[in-house]
Amino acid sequence: DMLLAAPWFSAISQGALLSAYTRLSNYHPQNSVYQTHRDKIFNSFLRFRSESGPWIATIEDGYYWAEEQPLPDDPPHTLNGFIYGIFGLYEYWLSTKSERSRELLEAALTTVLQNKSRFRVIGETSYYDLRMRGQFDHYHTVHIRQFRKLALITRHMGFHRFADQLVRDA
């Protein structure tokens, strides 16, 4: 595998930071530093592979992917990292209600919903990513928890049914 040269973004870390700075800006609305950092972190999700400099996002077959490991030649589409990024986008949208954040959140959720079956291995643990297709018990459990949370925040039964399928698989 290829090592990434700094600087680079990761959907998992950017999602966690976006959640943290969104919460800080909610608790301390008078402190514009938190809002500035929150907005800059959100904007990192709009940095595409086709641009120069660090990027996090790519469009593949019309779907928006935020990468945990933004490998330039073959983005792996790591499921847990992408979903952790979505959790950050969700908190940002709840806080700001901006149209751009809603559009990006919906695009990300649509990607997961429409591509979830690509990660499923019937009767086995799910794929960690779509590049190497590693299967790890720990990440399978993480995927189940993440799909339960996606079902909770979206109220979309497709996420709930997929979590049930993953439970039956392993």
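Everything numeric here is computed off the predicted structure, so don't read it as measured data. (Residues numbered from 1 in each chain as written. Predicted model: local features only at pLDDT ≥ 70, side-chain atom pairs only at ≥ 80, totals over all residues. Heavy atoms only, no water.)

A.B. asks: Just to check I follow, could you spell out helix H2 (residues 32-44) for this structure?
C.D. replies: Each turn of an α-helix holds 3.6 residues, which means side chains three or four residues apart point in the same direction. Spanning 13 residues, H2 covers 19 Å between terminal C-alpha atoms, matching the ideal 18 Å at 1.5 Å per step. Taken residue by residue, H2 has Arg38, Ile41, Phe42 and Ser44 as its buried positions. Looking down the long axis of H2, one finds its buried residues gathered within 150 degrees of arc, a one-sided arrangement. The inward-facing, buried residues of H2 contact helix H1 (11-27), helix H3 (79-96) and helix H4 (99-115). Of the residues that open H2, the one with a side-chain oxygen 3.0 Å from the backbone nitrogen of valine 33 is asparagine 31. (Helix = DSSP H or I, 4+ residues; strand = E, 2+ residues; numbered from the N terminus. Expected span 1.5 Å × (residues − 1). Buried < 20%, exposed > 50% of the residue type's maximum accessible area, 1.4 Å probe, protein only. Arc of directions from axis to C-beta. Contact = heavy atoms within 4.5 Å. Polar contact = N/O pair within 3.5 Å; in protein donor to acceptor, adjacent residues only side chain to side chain.)

A.B. asks: It is not clear to me how the pattern of salt bridges should be interpreted in this structure. Could you clarify?
C.D. replies: Between side chains of opposite charge, a pair can form as their charged atoms come close. Applying the stated criterion across every chain yields a total of nine salt bridges. Here glutamate 91 ties to arginine 23 by a salt bridge, and the two come within 2.7 Å at their closest N and O atoms. With glutamate 91 in helix H3 and arginine 23 in helix H1, this pair connects stretches of sequence that are 68 residues apart. For glutamate 91, a relative accessible area of 17% puts it in the buried group. Through salt bridges with shared partners, a single ionic network connects Glu99, Arg102 and Glu106. (Salt bridge = Lys/Arg side-chain N within 4 Å of Asp/Glu carboxyl O.)

A.B. asks: Help me understand the pairing of strand S1 (residues 57-60) in this model?
C.D. replies: The side chains of a regular strand alternate between the sheet's two faces. The pairing of S1 with strand S2 (residues 63-66) spans four bridges and is antiparallel. Across the sheet, the residue bridging to isoleucine 59 is tyrosine 64, located in S2. Here S1 folds back onto S2, and the loop between the two strands holds two residues, one of which, aspartate 61, carries a positive phi near 55 degrees. (Pairing = 2+ DSSP bridges.)

A.B. asks: Explain the packing of H3 against helix H5 (residues 137-154) to me, please; I cannot follow it from the model alone.
C.D. replies: Describing two packed helices takes the angle between their axes plus the distance from one axis to the other. The interhelical angle for the contact between H3 and H5, taken along N-to-C directions, is 30 degrees, at an axis separation of 10 Å. Taken together, the axis directions place H3 and H5 in an arrangement best described as roughly parallel. Two packed elements cross with a definite hand, and for H3 against H5 that hand is left-handed. Counting all contacts with H3, which are made through Leu79, Asn80, Ile83, Tyr84, Ile86, Phe87 and Tyr90, the residues of H5 involved are Tyr139, Val142, His143, Gln146, Phe147, Lys149, Leu150 and Ile153. Looking at the contact of H3 with H5 residue by residue, the class counts come to 11 nonpolar, three polar and one charged. (Axes fitted to C-alpha atoms, helices over the stretch in contact; angles between N-to-C directions. Parallel < 35°, antiparallel > 145°, perpendicular 65-115°, else oblique. Left-handed = near helix turned anticlockwise from the far one by under 90°. Nonpolar A, V, L, I, M, F, W, Y, C, P; charged D, E, K, R; others polar.)

A.B. asks: Which parts of the structure should I look at to understand the nonpolar core?
C.D. replies: Nonpolar side chains in soluble globular proteins tend to be buried together. Grouped together as the largest cluster of nonpolar side chains are 39 residues, with contacts concentrated most on Phe45, Tyr64, Phe147 and Leu150. Ranked by residues supplied to this core, first place goes to H3 with eight residues. With sequence-adjacent residues up to four places away left out, phenylalanine 45 is seen in contact with Ala11, Gln14, Gly15, Leu18, Ile56, Ala57, Tyr64, Ala66, Gly85, Leu89 and Leu104. (Core = buried A, V, L, I, M, F, W, Y, C linked by side-chain atoms within 4.5 Å.)

A.B. asks: Explain the packing of H2 against H3 here, please?
C.D. replies: For the pair H2 and H3, interaxial distance at closest approach is 11 Å and the crossing angle is 130 degrees. With respect to H3, the element H2 is oriented oblique. In this structure, the crossing between H2 and H3 has a hand that is left-handed. Together, Arg38, Asp39 and Phe42 of H2 and Leu89, Tyr92, Ser95 and Thr96 of H3 make up the contact between the two elements. Here the residues of the contact of H2 with H3 are counted per class, giving three nonpolar, two polar and two charged.

A.B. asks: I would appreciate a short explanation of the environment of proline 76 in the present structure.
C.D. replies: Here proline 76 shows up in the loop between S2 and H3. Accessibility expressed as a relative area gives 2% for proline 76, which makes it buried. Along the primary structure proline 76 and isoleucine 86 are separated by 10 residues, whereas in three dimensions their C-alpha atoms are 17 Å apart. Residues contacting proline 76, with those up to four places away along its chain left out, are Glu67, Gln69, Leu71, Asp129, Leu130 and Arg131.

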